[in-house]
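If you want the building blocks of each chain, they are given just below.
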Amino acid sequence: MDNFRKLRDQISNQVLKEGGFVEDLQQKELLISAMQIAEERMATLTAIVESSDDAIVSKNLSGIVTSWNKSAQRIFGFTAEEMIGEPILKLIPEDRLDEEPRILARISAGERVDHFETKRVTKYGTLIDVSLTISPVRSPSGEIIGVSKIARDITDKKLEEQRKNDFIAIVSHELKTPLTSVKSYVQFALSKVKKSGDTFTEGLLIRAEAQTQKMAILINDFLNLSRLEEGKMSINCSRFSLHELMTEIIAEGRMLAPDHQIEYESCQDGTINADRDKIGQVLNNLLNNAVKYSIAGSRIHVSCSLATPEMVLISVADQGMGISDEDQKRLFERFYRVADDKMKNISGFGIGLYLISEILKLHGSKIKVESQLGKGSVFSFALPIEA
Ligand code: ADP
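Below is a summary of the structure that appears in this document. (Residues numbered from 1 in each chain as written. Predicted model: local features only at pLDDT ≥ 70, side-chain atom pairs only at ≥ 80, totals over all residues. Heavy atoms only, no water.)

**So, the packing of helix H7 (residues 199-229) against helix H9 (residues 276-292)**
Where H7 meets H9, the axes come as close as 11 Å, and the angle between the chain directions of the two elements is 125°. Here H7 is positioned oblique relative to H9, judged by the angle of their axes. Taken as a pair, H7 and H9 cross one another with a handedness that is left-handed. Contacts between H7 and H9 involve Ile 217, Asn 220, Asp 221 and Asn 224 from the first element and Lys 278, Gln 281, Asn 284, Asn 285 and Asn 288 from the second. Classifying every residue of the contact of H7 with H9 by side-chain character gives one nonpolar, six polar and two charged. (Axes fitted to C-alpha atoms, helices over the stretch in contact; angles between N-to-C directions. Helix = DSSP H or I, 4+ residues; strand = E, 2+ residues; numbered from the N terminus. Parallel < 35°, antiparallel > 145°, perpendicular 65-115°, else oblique. Left-handed = near helix turned anticlockwise from the far one by under 90°. Contact = heavy atoms within 4.5 Å. Nonpolar A, V, L, I, M, F, W, Y, C, P; charged D, E, K, R; others polar.)

Here it is as structure tokens:
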């Protein structure tokens, strides 16, 4: 800023002097007013940058800091004098040093990095959680000459998430044990009542069993969500028959949703090597969603077919409300639910599809969706088949 002012004063002095470098008086006045406008804009920009709650930092393509605002000092502890001219690596914890070259490569390719959540280290050695938005800085000719970085301190938000996570994990765990007991009492009573011929009580117990099953699925989702957040979700692979698992899931699905027509096209003798419980959870969630987002009486088609001699393709198709192209892009984000009036009466937390996509990622697979609003949706994924 000071350099800028000096330059303007220099030009004005030269211009005012007889024989200055700009000859035409009108041109001289234009130049001075252009410089004044530029100076005002620069002052506004500086005020915005300085008053921001976020750290705003710029660096060159070699990672050397070229500007450092007040919030950068507040968040990281280093003053502008301590940081300008220094490598940005000073702020990066040792186990994350590989992030910098990856970020620089993306920026050099003209990309922007939005809301990248990571950790940085302060002057006092404390680790803090930050969300970074990084963009290229271009010269007037469009060449990338540096990088601007906005860092938001999200340590409190992360702590809050952690507390929420712990709470969910504890509550889910505490609910799981009594629910398992309730379920087995209901199943025991059901087997007795079936023999007695009391169809009314049998009907009630079947409904009670279906409700406990729904609660068990929900609790499992929550437990898996907190494991995932803690980075503790792992898979225990074993070889099992996909057909057998799918038959179980379909039987459960038919019990939970007797008013839907659930069809099953089997792949008979496919053996896969995967986490049986988690793949079961993926199928359960997809089937539950197909039921939840389509009307009673409509058809749900679950199929399993050989996509190639090595891969089996599993899909769940419904004739429900469908999902717009816009929503399809965000469907697998944590807590994402479609904002639609029709959704108000359908309960949910927006974690099922997020968990599905994470579980499949751990298996080296990916969930896909094809859908048309008002027509229905098909969710599918592929898994390698064992010889
Ligand atoms: P939840 O169903 O608990 O809201 P999910 O993560 O399972 O959470 O699904 C996220 C959102 O995706 C749902 O809220 C819904 O809007 C949409 N969705 C999921 N499955 C379907 C489907 N089969 N048909 C229409 N919309 C669906």
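**Points about the site of the ligand**
Taken together, the neighbourhood of the ligand is formed by 20 residues, with Asn 289, Tyr 293, Asp 318, Arg 337 and Leu 353 sitting nearest. Within the side chain of Lys 292, a nitrogen or oxygen atom sits 3.0 Å from an oxygen atom of the ligand. For the ligand, an oxygen atom lies 3.3 Å from a polar atom in the backbone of Val 338. Protein chains shield 97% of the accessible area of the ligand, which is 530 Å² for the free molecule. The site holding the ligand turns out to be the largest pocket. Within the residue set of the shell around the ligand, elements represented by two or more residues are H9, helix H11 (352-362) and strand E12 (376-384). Of the residues that constitute the shell around the ligand, the class distribution is eleven nonpolar, six polar and three charged. (Near = heavy atom within 4 Å. Polar contact = N/O pair within 3.5 Å; in protein donor to acceptor, adjacent residues only side chain to side chain. Areas by Shrake-Rupley, 256 points an atom, 1.4 Å probe, with all protein chains shown as cover. 1 Å grid on protein atoms, 1.4 Å probe; cavity = no way out; pocket = protein on both sides within 12 Å on 5 of 7 lines; lining within 4 Å. Sits in = over half its atoms within 2 Å of the grid points.)

**Examining the sheet that holds strand E10 (residues 311-318)**
The strand order across the open sheet formed by five strands is E7-E9-E10-E12-E11, and the pairing between neighbours is mixed. Single-partner strands in this sheet number two, and they are strand E7 (261-265) and strand E11 (368-372). Taken over all neighbouring pairs, the strand axes of this sheet differ in orientation by 15° on average, direction set aside. Contacts from helix H8 (residues 242-256) reach E7, strand E9 (299-306) and E10, with the element oriented near 175° to E7. (Pairing = 2+ DSSP bridges.)

**Quick notes on empty space enclosed by the protein**
Enumeration over the complete set of coordinates arrives at two cavities of 30 Å³ or more. In this model, the largest cavity occupies a volume close to 70 Å³. The wall of the largest cavity is formed by Val 57, Phe 76, Ile 88, Leu 91, Ile 92, Arg 120, Leu 132, Lys 149 and Ala 151. Here the second largest cavity defines a volume of roughly 40 Å³. When residues of the lining of the second largest cavity are traced back to their parent elements, those giving at least two are H8 and H9. No other element matches the three residues that H8 contributes to the lining of the second largest cavity. Among the residues making up the lining of the second largest cavity, the classes are represented as seven nonpolar, no polar and no charged. (Points joined across faces, edges and corners; volume = space filled by probe spheres on them.)

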